[in-house]
Amino acid sequence: DDQIERERASQRLAGGCCALAAVYLMGKFYVANAGDSRAIIIRNGEIIPMSREFTPETERQRLQFLAFLRPELLGREFTHLEFPRRIQPKELGKKMLYRDQNMNGWAYKKIEEDDLKFPLIYGEGKKARVMATIGVTRGLGDHDLKVFSSNIHIKPFLSCFPEVRVYDLTQYEHCPDDVLVLGTDGLWDVTNDEEVAGVVMEVLTSYEPNDPCRYTMVAQELVVRSRGVLKERGWRLANDKLGSGDDISVFVIPLGGPGNYT
């Protein structure tokens, strides 16, 4: 992240990206995630999460705590408090539910003038944004990202530090159908863990266990199914729901079978 900052002028790097990495070392997989990509292991049909997404919702308390400690980062335009909805000026003096950096649940407070500011985190699910700008809270780059039409920098709220999970391959007997799946949010936006596992098993069983192409074909099928088919109303999945409009990258890594790690 520091290197990107140093090179952003010479390399003309204005944006940022998430990062998901898997490293095999001495019988263990180390999976590091900074962003909203996801990794799962499918072992004997069981789904084992190897990451979690970092979004304004999942990191709400970290973001609010930073804003509480350094209110100058909010530029006098935002409040670190969260409310169920935007507050109207006519609601001054009334009581409304809120939560701060110390709260998992909600409580009531009397609405004050500062509460009329735009919330640091606004929206739900994939629509949640930090300062109405970005929907992912960890990754690399974005050093020059600012709130629209303002001089408020968002980078202080974005972390480049990944969460690392470890999987010990030596603790289990793995078969050729056991895999590690890495995918960007374009996959997971429209396909859940169970659906991915279903595609994995469906494709793998149509190939011989020693066919190295079977894992590439799984990755290809996951991409194709998540994008859908282009119709008059845009990209559509088999169930006619919207296909993924984001970029989709998928890796499928075998954990066992011929040439395994035992």
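Residues numbered from 1 in each chain as written. Predicted model: local features only at pLDDT ≥ 70, side-chain atom pairs only at ≥ 80, totals over all residues. Heavy atoms only, no water.

Caption draft 1: Summary view of the UniProt feature "domain: PPM-type phosphatase" (unreviewed entry) in the protein. Following the UniProt record, one finds the feature "domain: PPM-type phosphatase" (unreviewed entry) at residues 1-255. Secondary structure over residues 1-255 splits into 18% helix and 26% strand, and the C-alpha atoms at its two ends are 31 Å apart. (UniProt positions renumbered as here; feature names shortened; annotations may be inferred. Helix = DSSP H or I, 4+ residues; strand = E, 2+ residues; numbered from the N terminus.)

Caption draft 2: Region of the structure containing unusual backbone geometry. The residue Arg76 is not glycine, and still its phi comes out positive at about 60 degrees. You can see Arg76 is positioned in the loop between helix 2 (60-69) and strand 6 (78-79). Residue Ser149 is not a glycine yet carries a positive backbone phi of 55 degrees. Residue position: Ser149 is located in the loop between strand 12 (140-141) and strand 13 (163-168). For Ser149, a relative accessible area of 66% corresponds to the exposed category. (Buried < 20%, exposed > 50% of the residue type's maximum accessible area, 1.4 Å probe, protein only.)

Caption draft 3: Geometry of a nonpolar patch on the surface. On the surface, Val23, Leu25 and Met26 cluster together to form a nonpolar patch covering roughly 350 Å² of accessible area. Position of Met26 relative to the elements: it lies in the loop between strand 2 (19-25) and strand 3 (28-34). (Patch = residues over 30% accessible without salt bridge, like charges linked within 9 Å, V, L, I, M, F, W, Y side chains within 5 Å. Areas by Shrake-Rupley, 256 points an atom, 1.4 Å probe, with all protein chains shown as cover. Salt bridge = Lys/Arg side-chain N within 4 Å of Asp/Glu carboxyl O.)

Caption draft 4: Seen up close, helix 5 (residues 213-227). Here helix 5 spans 21 Å end to end across 15 residues, near enough to the 21 Å set by a 1.5 Å rise per residue. Those residues of helix 5 that sit buried are Arg214, Tyr215, Val218, Ala219, Leu222 and Ser226. Buried positions in helix 5, seen along its axis, are confined to an arc of 145 degrees and lie on one side of it. Taken together, the buried residues of helix 5 touch strand 14 (179-183), helix 3 (185-188), helix 4 (193-204) and strand 17 (250-254). Of the residues trailing helix 5, Gly228 is marked for its positive phi of about 90 degrees. (Expected span 1.5 Å × (residues − 1). Arc of directions from axis to C-beta. Contact = heavy atoms within 4.5 Å.)

Caption draft 5: The pairing of strand 3, seen in detail. Strand 3 sits mainly inside the fold: five of its seven residues count as buried. Sheet topology note: the strand 2/strand 3 ladder contains seven bridges and is antiparallel. Residue pairing for strand 3: Leu20 is matched across the bridge by Asn33. Linking strand 2 back to strand 3 in an antiparallel pair, the connection comprises two residues, with Met26 at a positive phi of about 50 degrees. Pairing analysis gives six bridges linking strand 3 to strand 13, with the strands arranged antiparallel. Following the sheet pairing, Ala32 is matched in strand 13 by Val164. (Pairing = 2+ DSSP bridges.)

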